[in-house]
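Here are the chains, one letter per residue:
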Amino acid sequence: MNIAQAGRAYGRLHLARDKTLDDPYLADPAWRLEHLYRIKSKDKKDSPFILNPLQEQIAGVIKKLKVAHKPVRLIILKPRQVGCTTFFCVRELDQCFWTENQFAAVIAHRPDSAHTIFAEIVKFCYDKIPTRYQKKAYNDSVCQLGWRSTHSQLKVTTDIHGITPNLLHLTEVSRFNNAKELIDEALQGVPLMSGEVIQESTANGVGGYFYDAWNEAIEDPESVWQPLFLKWWEHPDYTLLVP
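For clarity, every value in this text was computed on a predicted model and none was experimentally measured.

Draft legend 1. Examining the packing of helix 3 (residues 53-67) against helix 4 (residues 84-98) more closely. Where helix 3 contacts helix 4, the two axes come as close as 9 Å, and the packing angle between them is 50 degrees. With respect to helix 4, the element helix 3 is oriented oblique. Pair helix 3 / helix 4 crosses with right-handed handedness. Across the interface between the two elements, Gln55, Ile58, Ala59, Ile62 and Lys66 from helix 3 touch Cys84, Phe87, Phe88 and Arg91 from helix 4. Partitioning the contact of helix 3 with helix 4 into residue classes produces six nonpolar, one polar and two charged.

This is the structure:
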């Protein structure tokens with residue numbers, strides 16, 4: 001067991017032992033992310049949410065931007081099934097559950113995708129928060145959760161019209177219809193420094209909004225968008241031990 005693993009193990013023991021809401025670990029979002037939440041794994045098992053190497057990369061880039069006092073504007077080119085969407089949904093749930101006056105919007109490209117993201121990731125994760133920390137959502141609906149204690153809410157939808165989130169997460173952007181118009185409108189309501197915008201997608205051929213936005217981000221060192229290429233071969237599920 002290395003130092004990081006030992007620290008995580010200690011943290012889990014500490015959480016299990018502490019039955020109050022004044023646990024000092026709760027002030028640390030990074031600790032909460034890997035100790036409070038559970039997800040449905042690829043094989044549909046109830047599993048603890050522990051960052052995989054690609055999710056750790058994402059967290060590291062966000063931390064670096066915040067330390068440098070730069071806006072969090074990420075554009076991510078990803079392979080399939082590496083936990084990118086899950087990472088951001090859990091993180092956004094955490095921010096809304098614990099932080100006041102947050103509005104997170106997850107924008108999907110199709111209604112069925114929005115429903116799956118909400119039911120299989122967001123709602124499942126929320127329902128599995130330990131009972132001693134649980135807070136009842138006042139609008140626990142098919143696409144939205146909100147908490148009076150923090151005056152914060154999280155919504156999964158396909159439509160950005162009429163909402164003004166400070167945490168905006170656009171998933172599978174390369175498959176959006178009218179992506180440029182939708183995203184241009186969405187960005188108008190997100191504060192530059194106190195807000196966050198994430199565009200993440202798998203590739204979808206040559207051309208289109210995401211293709212152009214990705215290339216502009218990697219070619220322009222002054223771009224507000226931080227590009228991040230997640231490599232499939234760095235994910236444990238895509239590797240085999242050599243005998």
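Anyway, onward from the coordinates.
Draft legend 2. Local environment of the layout of surface pockets. In this model, the largest pocket occupies a volume close to 1,100 Å³. Lining the largest pocket are 35 residues, and of these Gln81, Val82, Gly83, Thr86 and Ile121 sit closest to its centre. When residues of the lining of the largest pocket are traced back to their parent elements, those giving at least two are strand 1 (38-40), helix 4 and helix 5 (111-127). For the lining of the largest pocket, the element with the highest residue contribution is helix 5, accounting for five residues. When grouped by side-chain class, the residues that make up the lining of the largest pocket number 11 nonpolar, 13 polar and 11 charged. Roughly 520 Å³ of internal volume is contained in the second largest pocket. In terms of lining, the second largest pocket is formed by 19 residues, of which the most central are Pro29, Ala30, Leu33, Ala59 and Arg91. Contributions of two or more residues to the lining of the second largest pocket are made by helix 2 (29-35), helix 3 and helix 4. Taken together, the residues that form the lining of the second largest pocket break down as seven nonpolar, three polar and nine charged.

Draft legend 3. Examining the packing of aromatic side chains more closely. For the coordinates displayed, the defined rule picks out nine aromatic pairs. When the centroid spacing of 5.3 Å and the interplanar angle of 75 degrees are considered together, the rings of Phe97 and Trp98 count as edge-to-face. Classification of Phe97 as buried rests on a relative accessible area of 0%. Here the aromatic rings of Trp98 and Tyr133 are separated by 6.2 Å at their centres, their planes lie at 65 degrees, and the arrangement is edge-to-face. Residue Trp98 is found in helix 4, and its partner Tyr133 is found in the loop between helix 5 and strand 5 (144-147); the two are separated by 35 residues along the sequence. Overall, Trp98 belongs to the partly exposed group, its relative accessible area being 25%. Given a relative accessible area of 2%, Tyr133 falls into the buried group. Here the aromatic cluster, defined as three or more aromatic residues joined through ring pairs, consists of Phe97, Trp98, Tyr126, Tyr133 and Trp147. The aromatic ring of Trp98 is capped on one face by Lys135, whose charged end is 5.2 Å from the ring centroid.

Draft legend 4. Local environment of the confidence of the model for the protein chain. When pLDDT is averaged along the protein chain, the result is 88, and 91% of the positions lie at 70 or above. Here residues 1-21 scores under 50 on pLDDT; set against residues more than four positions off or in separate chains, the count is 31 contacts.

Draft legend 5. Broad picture of the side chain of Thr171. For Thr171, the position within the fold is in strand 7 (residues 167-171). For Thr171, the side chain forms a polar contact with the side chain of Thr85, separated by 3.2 Å. With residues near it in sequence (within four places) discarded, Thr171 still touches Lys78, Thr85, Val106, Ile107, Ala108, His109, Ile117, Phe176 and Glu200.

Draft legend 6. Seen up close, empty space enclosed by the protein. Following the criterion strictly, the structure yields one cavity of 30 Å³ or more and no others. Of the volumes computed, that of the largest cavity is approximately 30 Å³. Lining of the largest cavity is provided by Phe88, Arg91, Glu92, Gln95, Leu167, Leu168, Glu196 and Ile198. Breaking the lining of the largest cavity down by element, the ones donating at least two residues are helix 4, strand 7 and strand 8 (196-201).

Draft legend 7. The sheet that holds strand 4 (residues 103-107), seen in detail. With mixed pairing, seven strands are arranged side by side in an open sheet as 5-6-4-7-8-3-9. The two strands at the open ends of the sheet, each matched to only one other strand, are strand 5 and strand 9 (226-229). Direction aside, the axes of adjacent strands within the sheet are offset by 10 degrees on average. Sheet analysis places strand 3 (residues 72-77) next to strand 9, joined by four bridges and oriented parallel.

Calculation notes
- Residues numbered from 1 in each chain as written.
- Predicted model: local features only at pLDDT ≥ 70, side-chain atom pairs only at ≥ 80, totals over all residues.
- Heavy atoms only, no water.
- Axes fitted to C-alpha atoms, helices over the stretch in contact; angles between N-to-C directions.
- Helix = DSSP H or I, 4+ residues; strand = E, 2+ residues; numbered from the N terminus.
- Parallel < 35°, antiparallel > 145°, perpendicular 65-115°, else oblique.
- Left-handed = near helix turned anticlockwise from the far one by under 90°.
- Contact = heavy atoms within 4.5 Å.
- Nonpolar A, V, L, I, M, F, W, Y, C, P; charged D, E, K, R; others polar.
- 1 Å grid on protein atoms, 1.4 Å probe; cavity = no way out; pocket = protein on both sides within 12 Å on 5 of 7 lines; lining within 4 Å.
- Points joined across faces, edges and corners; volume = space filled by probe spheres on them.
- Phe/Tyr/Trp six-rings, centres within 6.5 Å; stacked < 30°, edge-to-face > 60°.
- Buried < 20%, exposed > 50% of the residue type's maximum accessible area, 1.4 Å probe, protein only.
- Lys NZ or Arg CZ within 6 Å of the ring centre and 35° of its normal.
- pLDDT = per-residue confidence, 0-100.
- Polar contact = N/O pair within 3.5 Å; in protein donor to acceptor, adjacent residues only side chain to side chain.
- Pairing = 2+ DSSP bridges.

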